[in-house]
Each structure stands twice: as structure tokens, then as C-alpha cells.
Amino acid sequence: MAWVDLRSDTVTHPTPAMRAAMLTAEVGDDVYGEDPTVNALQQRMAADLGFEAALFVPTGTQSNLLALMAHCERGDEYLVGTDAHTYKFEGGGAAVLGSIQPQPIPHDIDGTLPLDKLAAAIKPIDPHFARTRLLALENTWHGRVLPLDYLRAAHDFARERGLAIHLDGARIFNAAVAGGVPAREIAQHFDSVSVCLSKGLGAPVGSVLLGSAVVVEKARRWRKVAGGGWRQAGMLAAAAGYALDHHVARLADDHRRAVTLSRQLGDVPGIKLLGQHTNMVFIDVPADRLRELDVHLRAASVRISIGYLPTLRLVTHLDIDDEGIARTVEAFRAFFTV
Ligand SMILES: *Cc1c(COP(=O)(O)O)cnc(C)c1O
């Protein structure tokens, strides 16, 4: 039986049609800027999201790191959520590799960073302090779609305070599809945006950093320094291009399945439903039964991630169909009703 793997939307496998697109991709040396498929992907994403330039990179972590290093210099500081991926889940890369100090700000429950808290965290210009240079937001944040009004206000705030503003838009297309707006309507409020092709869009590898020509040139330099200058990456760009053509609108199916999953799990005694946002469902189960639950689910070919976040996060994606949702609900129900 095929796994229903709810650990993350990174676990998808390239479809046969995506693999076919990869096989026939025209390639060249991307360090020389000569890979036509990479160049086409970058131009297309820049045009679609409303930026001057774009850079195709191996991972979202590298994309965010290059953006931070393009906006900030040694001894600068960026404002970031305490639960933001960039701050918490990227090994402290901005500090380790960029000598950029993070100033974490607690999130409101909807994923926004309150502007008054941001304002209070900006340091005076004085040799005692790091120089506050950048505000970094995340959308979606733990599946939550940040309100467009907030993005506009955050943009205006950053402009008034002389800060650049970056979006970790790993799942910007989930936000766009859920909000019924083109991704550029979200992206327009930022100086740079990082987009993952390897999450819900289902490409095997790759993220794209978008920004001005100046920001992207700096990022290209840091990409080489970070060891991310790749060569015939066109085969991967072909997968990304295929994902943009065929896997954006269908994110609505993942969201619909997450709604079904949350409703049905919410009816199972022993499970406390905490919420559902885009392609993520959050539940609490009794901590002392977690290991046993994991073993039980695996026996039904259902995989979840335990012990990584304080609550269980179940993520729907391209490789989970209606049957997989039904099997998951059945497996949970069987465990909690014996
Ligand atoms: C996955 C993810 C990243 C990083 O992507 P990798 O390709 O895994 O390095 C960045 N931000 C968010 C919000 C993510 O979910």
C-alpha cells in the first residue's frame, strides 16, 4: 500500500509528466548564466510576481539567507517573528554566515508581527546598537494567510522607518489560492520574496528569490560564495516550470482535503482539533499515547511527524488523494475507539 505521508508537503515525488519535462529540458552552465531553462524560469517568475529579477537556488533556506545577506551587512539586524522559519528553522544562518543579528518579535495568533512591537524594537542610530535594516515576514505562516491589509501596513511601516522588507513566501501560492488573488498582489508589498517550488507545488528541488536587479545581483554573488552556484540546473528548472504550469490551481484541492481531514478528525474522541489553515491541520492528542499512535498509523501506511512541533501538524499535498484522507481518518478512529 502506498504511504499517506502527512509529515510535510516536501515529500512529494515528481509526476511522470514532470519527469518527462525534466528529461527533455535544454540546459547550459548556469554559473555562466547560460542555462536557457533556468533563465526562462527566472524571467517568468520575475514577470509573474512583478519584480525586475529572479534567482533560481537549491533551497528555501539558501534563498532566505541570500536575501538577508543582500539587504543587510555585518553588524546589521533584521526584525523577524519568534516562530519564523528564517529565525527558528534555518540553523541561525543569518547570524552564522551573514553576521546579521536577528531581533525576534512575538507573533500575533494570525501570524502578523504587531507594528507597535516592531516600532519599539528598532534601535536608535548609535554605536551601541546593531543597525536595524530589514523586516522579514512569512506567508503562509504555519498555514495561516496573512491579511493583505496587514501586508500593506507593514510595507508602509518599513518605508517610513527606512527598512527593507522581505517575504519568506515558501508557500505564497497557497496564500494566493486561498485568498483568491494572484501571487503578485501579495508580493507587491515586498522588496524581495523567496518562493519554494519544492513544497506544495511538487517540484523535487528548488526555490526562487525575487527582487530588484541590485538585490538579485548581490544574492547571485552570495549564492556562489555559499556553494550554490550550480551548472546544468535546467533539468530542475524544467520541473519547477512544469509545477507552475500544472500545480498552482490544484493547491485548492489540498486545502479542501485539509478541511475534510480536520472536520472528520474533530469528531474522533481523544483528538482535540486546534485548527486548519490552508493545507495544514493541527491537532492535540494525549502525549503519553503518541509513540503508540505512530506505530498504529504506520501499520495502516499513514505517516505523521511526532515530537517536532508541540502539537501534531498534518500536511496535505499533491501525493495525497481522497482515499488517503479517508484511510487516515479511519486509522485515527480505529486507534482512539479501541
Ligand atoms: C520549507 C520552508 C523554508 C525552507 O525551505 P528548504 O527548501 O527546506 O530549505 C523556508 N520557509 C518556510 C516557511 C518553509 O516552510
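Residues numbered from 1 in each chain as written. Predicted model: local features only at pLDDT ≥ 70, side-chain atom pairs only at ≥ 80, totals over all residues. Heavy atoms only, no water.

1. Points about the pairing of strand β10 (residues 280-284)
Side-chain direction in a regular strand flips from residue to residue, so the side chains alternate between the two faces of the sheet. The cut-off we apply is this: Accessibility here uses a 1.4 Å probe with only protein chains present; expressed as a share of the type maximum, an area under 20% marks a residue as buried, one over 50% as exposed, and anything in between as partly exposed. Numbering of helices and strands runs from the N terminus, with a helix taken as a DSSP run of H or I at least four residues long and a strand as a DSSP run of E at least two residues long. One requirement defines pairing of two strands: DSSP has to find at least two bridges between them.
Burial analysis of β10 places four of its five residues in the buried class, which makes it a mostly covered element. Examined bridge by bridge, strand β9 (residues 272-277) and β10 share five bridges and lie antiparallel to one another. Each bridged residue has a counterpart across the sheet, and for Leu273 the counterpart in β10 is Ile283. Hairpin geometry of β9 and β10 is characterised by an intervening segment of two residues between the two adjacent antiparallel strands and by a positive phi of about 45° at Thr278. Bridge count for β10 against strand β12 (residues 312-315) is four bridges, and the pairing is antiparallel. Within β12, the residue paired with Val281 across the bridge is Leu314.

2. Some points on the pattern of salt bridges
Cut-off, in case you're wondering: For salt bridges, the criterion is a side-chain nitrogen of Lys or Arg within 4 Å of an Asp or Glu carboxyl oxygen.
On inspection of all chains with the given rule, the structure shows 20 salt bridges. Linking Arg231 and Asp29 is a salt bridge whose minimum nitrogen-to-oxygen distance equals 3.2 Å. With Arg231 in the loop between α10 (213-225) and α11 (234-246) and Asp29 in the loop between α1 (16-23) and α2 (36-49), this residue pair connects regions lying 202 residues apart in the sequence. A cluster of three or more residues bridged by salt bridges with shared partners is formed by Arg44, Asp48 and Asp245.

3. Thoughts on the packing of aromatic side chains
Worth spelling out the cut-off: For Phe, Tyr and Trp, where Trp contributes only its six-membered ring, two rings pair if their centres lie within 6.5 Å, and the inter-plane angle classes them as stacked under 30 degrees, edge-to-face over 60, or tilted in between.
Applying the stated criterion across every chain yields a total of two aromatic pairs. Considering the side-chain rings of Phe56 and Trp230, the 4.9 Å spacing of their centres and the 40° angle between planes classify their relative orientation as tilted. You can see Phe56 sitting in strand β2 (residues 53-57) and its partner Trp230 sitting in the loop between α10 and α11, a full 174 residues away along the chain. Owing to a relative accessible area of 0%, Phe56 belongs among the buried residues under this scheme.

4. Brief notes about the domain arrangement of the chain
Our working rule: An automatic or database domain assignment provides the domain bounds reported here. By definition, residues are in contact when any of their heavy atoms lie within 4.5 Å. Buried area is calculated as the accessible area (1.4 Å probe) missing from two parts once they are joined, with the contributions of both summed.
When cut into domains, the chain gives domain 1 (16-246) and domain 2 (250-336). Averaged C-alpha coordinates put domain 1 and domain 2 at centres separated by 29 Å. Counting from both sides, the interface comprises 15 residues of domain 1 and, opposite them, 12 residues of domain 2. Counting each side, the surface lost to burial between domain 1 and domain 2 is near 1,100 Å², with a carbon and sulfur contribution of 65%.

5. Some words on the site of the ligand
Counted only if it meets this: Only a single heavy atom is needed: when it lies within 4 Å of a molecule or strand, its residue is near that molecule or strand. We define a polar contact as two N or O atoms separated by no more than 3.5 Å, with the added condition that, inside protein, one atom must be a possible hydrogen donor and the other a possible acceptor, whereas residues neighbouring each other in sequence contribute only through side-chain atom pairs. Think of a 1 Å grid over the protein atoms and nothing else: a 1.4 Å probe that fits but is trapped marks a cavity, an open set flanked by protein within 12 Å on at least five of seven lines marks a pocket, and residues with an atom within 4 Å of a point count as lining. Assignment to a cavity or pocket requires that more than half of a molecule's atoms be within 2 Å of the site's grid points. When residues are sorted by character, Ala, Val, Leu, Ile, Met, Phe, Trp, Tyr, Cys and Pro go into the nonpolar class, Asp, Glu, Lys and Arg into the charged class, and all the rest, Gly among them, into the polar class.
Taken together, Thr59, Gly60, Thr61, Asn64, His85, Glu90, Glu138, Asp168, Ala170, Arg171, Cys196 and Lys199 make up the full set of residues adjacent to the ligand. Within the backbone of Gly60, one N or O atom sits 2.8 Å away from an oxygen atom of the ligand. At 2.9 Å, a side-chain N or O of Arg171 approaches an oxygen atom of the ligand. Comparing atom positions with the cavity grids shows the ligand to sit within the largest pocket. Of the residues forming the shell around the ligand, the biggest block, three residues, is contributed by helix α3 (residues 60-71). Class assignment of the residues belonging to the shell around the ligand gives a composition of two nonpolar, five polar and five charged.

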